[in-house]
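A structural walkthrough
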Amino acid sequence: MANVKINPSSVLSVSGKCDTAKQNIQNARNKVASTNQSLNGQIRQRANIATRLNKVASNLDDIKSRVNSIQSTCNNSAKRYSNTDNDLKRKAQNINNSKLAVFK
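So, a few notes on the structure that sits alongside this text.

Calculation rules
Residues numbered from 1 in each chain as written. Predicted model: local features only at pLDDT ≥ 70, side-chain atom pairs only at ≥ 80, totals over all residues. Heavy atoms only, no water. Salt bridge = Lys/Arg side-chain N within 4 Å of Asp/Glu carboxyl O. Helix = DSSP H or I, 4+ residues; strand = E, 2+ residues; numbered from the N terminus. Buried < 20%, exposed > 50% of the residue type's maximum accessible area, 1.4 Å probe, protein only. Contact = heavy atoms within 4.5 Å.

**Re the pattern of salt bridges**
- Within the structure shown, the criterion is met by 6 salt bridges.
- Between lysine 89 and aspartate 85 there is a salt bridge; the shortest N-O distance is 3.4 Å. Of this pair, lysine 89 and aspartate 85 are both found in helix 4 (residues 49-102), 4 residues apart, which corresponds to roughly one turn of the helix.
- By relative accessible area, which is 48% here, lysine 89 ends up partly exposed.
- For lysine 91, the salt bridge is made with aspartate 87, and the minimal N-O distance between the two is 3.4 Å.

**Topic: the side chain of asparagine 75**
- Note on placement: asparagine 75 falls in helix 4.
- Owing to a relative accessible area of 17%, asparagine 75 belongs among the buried residues under this scheme.
- If we ignore the near neighbours within four places in the chain, the residues touching asparagine 75 are Leu12 and Ser15.

Right, here's the structure in full:
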């Protein structure tokens, strides 16, 4: 059976990158909203610019939500992996201690 080893601290380091990505997405969304508000009403109506800018803002919200989901999945998975790994190590140690006690 293949031996799979995951470095939970490396996986958890993704969390900081996700925070940065979410902040960048929020900054872009704020700029889109600001641009939409600063445009003249006639310009906003021309070629449905306001509708298109609102769609961009909505898409950015969706992307931010997906990044948040990725962050949550990474954090939860790394913690569960680490807890399971520690539990298995503890159980292996208990088995080894039991074997040593039998041979004494």
